[in-house]
Amino acid sequence: QVQLVESGGGLVQPGGSLRLSCAASRSMFDIYVMGWYRQTPAKQRELVATVTNGGITNYIDSVKGRFTISRDNAKNTVYLQMDSLKPEDTAVYYCNARTISINLWGQGTQVTVSS
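Keep in mind it's a predicted model, so treat the numbers as computed, not measured. (Residues numbered from 1 in each chain as written. Predicted model: local features only at pLDDT ≥ 70, side-chain atom pairs only at ≥ 80, totals over all residues. Heavy atoms only, no water.)

Q: What is the right way to look at the environment of threonine 77 in this model?
A: Position of threonine 77 relative to the elements: it lies in strand β8 (residues 77-82). It is 6.1 Å that separates the C-alpha atoms of threonine 77 and alanine 24, two residues lying 53 residues apart in sequence. In contact with threonine 77, other than residues within four places in its own chain, are Ser21, Cys22, Ala23, Met28, Ser70, Arg71 and Asp72. Within the structure, the side chain of threonine 77 is placed 2.8 Å from the backbone oxygen of lysine 75, a separation counted as a polar contact. (Helix = DSSP H or I, 4+ residues; strand = E, 2+ residues; numbered from the N terminus. Contact = heavy atoms within 4.5 Å. Polar contact = N/O pair within 3.5 Å; in protein donor to acceptor, adjacent residues only side chain to side chain.)

Q: How should the sheet that holds strand β3 (residues 18-24) be read in this particular structure?
A: Paired through backbone hydrogen bonds, the strands of a sheet run either parallel or antiparallel to each other. Within the open sheet, the four strands sit side by side as β1-β3-β8-β7. Their pairing is antiparallel. Edge positions in the sheet fall to β1 (4-7) and β7 (67-72), since each has one partner strand and no second. Here the average twist between neighbouring strands, direction ignored, is 15 degrees. Summarising the sheet, β1 and β3 pair through four bridges and their orientation is antiparallel. Paired with serine 7 across the bridge in β3 is serine 21. (Pairing = 2+ DSSP bridges. Axes fitted to C-alpha atoms, helices over the stretch in contact; angles between N-to-C directions.)

Structure below.
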């Protein structure tokens, strides 16, 4: 089965930037939408951003203008560029992919925004 491997998390100061990567183990031809979720101990897992196989993107209001989701089909990889990071963005970020029949998850990567 396809696997999703995440990387790019870390510790940054407020206002800093990170780029998360989610690499699929095979072609994403049958994945019609990919997204990034985040999870904290105090909150349910929430959807942050999505990109469809047609390149249409969507974002939760709190990250609009700061985060950018993109897809590189040649590398079987989806990215989340995070700029102007805030402490409220601190969470474990999970990559998600949906085919017509299955819902796939990455292993999670920690993002911490703190002075």
